[in-house]
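Fold and contact review
Each chain, written out:
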Amino acid sequence: MATAIRLRRLGAAAAVATAASGAFLIQPSYSTSDRGSGPASIAAVRQRISDRNAVVPPRAVQESALIAATAENPLDILVVGGGATGSGVAFDAVTRGLRVGLVEREDFSSGTSSRSTKLIHGGVRYLEKAVFNLDYGQLKLVFHALEERKQVIENAPHLCHALPCMTPCFDWFEVVYYWMGLKMYDLVAGLRLLHVSRYYSAQESVELFPTLARKGNNKSLKGTVVYYDGQMNDARLNVGLACSAAVAGAAVLNHAEVVSFLKDEASNRTIGARIRDNLSGKEFDTYAKVVVNAAGPFCDSVRKLADKDVKPMICPSSGVHIVLPDYYSPEGMGLIVPKTKDGRVVFMLPWLGRTIAGTTDSNTPITLLPEPHEDEIQFILDAICDYLNVKVRRTDVLSAWSGIRPLATDPSAKNTESISRDHVVCEDYPGLVTITGGKWTTYRGMAEDAVNAAIKSGKLTPQNGCLTSKLQIVGGDGWDPASFTVIAQQYTRMKKSHGKVVPGVMDTAAAKHLSHAYGTWAERVAAIAQNENLGKRLAHGYPILEAEVAYCARNEYCESAIDFIARRSRLAFLDTDAASRALPRVIEILASEHNWDDSRQTYELKKAKEFLETFKSSRNAQFHDGKHV
């Protein structure tokens, strides 16, 4: 009886989804009033961003631009926070023709935005909740996320792609249930569908996913349902957004912290911020008509700078992920464990030549460097072991990390019992607009909403409406999956070995890595590898080249060793021990680029080692008497 009711609800919800999808997907993402000035503005902005000879302004120039924003000549918008949302806000605002600045206390994507599941998804579990709880709010979340999902992939094709995900079924009810649910997921996606989901028999499933178990909980595998979501290199996408904003004219500055807000004495409105450059220690004032707080889990700390008694709006949640060797999953196919002990969905996905698995969902304090607990790591290992025919071992964990999700409540809402997975935009202090909540997939829509709120707050006059649904980030325009062949054919990796310079082949792995990490700008990196003798790999088994360190220092605001091993490359996330072995050479190249003295190099090594200790690989796991602590 219960089964029949659940299936009937799925059918009824599918009909609702069909009707609603028309309302959500047919509407254009810009108003008719934007169309007159839109095309010319889009062409001009696109040409600037897609120019392969474009230069990202140096950090010193960006800081000078912020200092030049005075009370008499303020910025239109100052963004606080350089994560996905903050960088998205800066990119959106500057491409509307507004004067924009952005400051980030640490580095672009240093917080939650680099610690995601790497999925660009609509949220299958939100759809299930919408159906069984008859929750239209959850259904709207799915519609919005699916609409944005394909947009993110199109805007950064070198960093994002579609990924098939397999859901194993161990009885026939599960086959029918998941098949219907994922067909409805396809239906809700509408015109934004990536690929159609389908059922595979048990034999076909094992051929596609060789490590998949044929038995689970004493039941035989009946087959799998495979559907598609998107996957990304999250930190590099975030850095690409920040650099795109910089190329378009925004003054973006990492390692710069807001220490206090500037206020107009007459109106008590926020009109700027006192900023400290954390690299030099210098402080300066920057004035702006509106400040946008996009500090993620730390947005309450920023709000308290305006009003120390402000009511908190963040409920932090910890999401832990682990990285395993590539043999746990085949290239190009993910696995979803739909039912875990606490009701969470656990993913196991191929990512950058390794396997990423997660995630947990538990309460956590807000810290700059969250660490995963051993019981959370073990929970993920236990969740996947019943679905695999290989032994799942703690010793195979190459890296493990924790990220803090900024689940948000609206401070202006009358009922705050329900914490929203959607984003919240509010202005609870004059001149300070806060945007928080949401998820990576919807960063562009979140940024659009925040910029709209800032325009209203500051009575700003943009030249055009939002253009970001039609703009690719730097490196994306003109990129093709076969672009790596040009690099492989035309460049050589010149390497220093035992005091001599020797040529090396720009092999397929290195060429593909450069193409996907840097898009159409990859040839710049390849040229450094060839012409400056920096073609050697930084770590055995990984295609990351020494030339990337120099390139990122010159063109991507890479100001520390941690910036490189964690965000410009993903080595810390892929293999903590490999990142540790690469550190001396990374620091040596950065020292040459930034003129570091010996004391700075020693400091960089110390800070990077401390940072890597928070990534719990098998080598630095915490054990006591043979047990996890």
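Residues numbered from 1 in each chain as written. Predicted model: local features only at pLDDT ≥ 70, side-chain atom pairs only at ≥ 80, totals over all residues. Heavy atoms only, no water.

If you look the protein up in an unreviewed UniProt entry, it shows as Glycerol-3-phosphate dehydrogenase from Prunus dulcis. Quoted straight from UniProt, the Pathway (unreviewed entry) entry for the protein says "Polyol metabolism; glycerol degradation via glycerol kinase pathway; glycerone phosphate from sn-glycerol 3-phosphate (anaerobic route): step 1/1." The annotation that UniProt attaches to the protein under Sequence similarities (unreviewed entry) is "Belongs to the FAD-dependent glycerol-3-phosphate dehydrogenase family." (UniProt positions renumbered as here; feature names shortened; annotations may be inferred.)

Moving on, we get to the environment of proline 503. Position of proline 503 among the secondary structure elements: in strand E22 (residues 500–505). The class for proline 503 is exposed, based on a relative accessible area of 59%. Proline 503 sits 30 residues away from asparagine 533 along the chain, and the two C-alpha atoms are 8.8 Å apart. Beyond its immediate sequence surroundings of up to four residues, proline 503 is in contact with Thr492, Arg493 and Met494. (Helix = DSSP H or I, 4+ residues; strand = E, 2+ residues; numbered from the N terminus. Buried < 20%, exposed > 50% of the residue type's maximum accessible area, 1.4 Å probe, protein only. Contact = heavy atoms within 4.5 Å.)

One can find aspartate 277 in strand E11 (residues 270–277). In this structure the side chain of aspartate 277 is engaged in a polar contact, spanning 3.1 Å, whose partner is the side chain of arginine 59. Here the side chain of aspartate 277 touches leucine 279 through a polar contact of 2.9 Å, landing on its backbone nitrogen. Non-local contacts of aspartate 277, meaning those with residues more than four positions away in its chain, are made with Arg59, Glu63, His255, Ala256 and Lys282. (Polar contact = N/O pair within 3.5 Å; in protein donor to acceptor, adjacent residues only side chain to side chain.)

This structure, assessed with the given rule, holds five cavities of 30 Å³ or more. By volume, the largest cavity is sized at about 120 Å³. As for the largest cavity, its lining consists of 14 residues, of which Arg236, Gly240, Val474, Tyr518 and Glu556 are closest to the centre. Those elements giving two or more residues to the lining of the largest cavity turn out to be helix H9 (234–248) and helix H14 (508–518). For the lining of the largest cavity, the residue count by class is nine nonpolar, three polar and two charged. Taken domain by domain, the lining of the largest cavity gets at least three of its residues from each of domain 1 (42–113 + 236–313 + 409–470) and domain 3 (482–614). (1 Å grid on protein atoms, 1.4 Å probe; cavity = no way out; pocket = protein on both sides within 12 Å on 5 of 7 lines; lining within 4 Å. Points joined across faces, edges and corners; volume = space filled by probe spheres on them. Nonpolar A, V, L, I, M, F, W, Y, C, P; charged D, E, K, R; others polar. Domains from an automatic or database assignment.)

The interhelical angle for the contact between helix H19 (residues 576–594) and helix H20 (residues 598–612), taken along N-to-C directions, is 160 degrees, at an axis separation of 10 Å. Here H19 lies roughly antiparallel to H20, going by the angle between them. Crossing handedness for the pair H19 and H20: right-handed. Note on element contacts: H20 touches H19 through Gln601, Glu604, Leu605, Ala608, Lys609 and Leu612, opposite Thr576, Ala579, Ser580, Leu583, Ile587 and Ala591. (Axes fitted to C-alpha atoms, helices over the stretch in contact; angles between N-to-C directions. Parallel < 35°, antiparallel > 145°, perpendicular 65-115°, else oblique. Left-handed = near helix turned anticlockwise from the far one by under 90°.)

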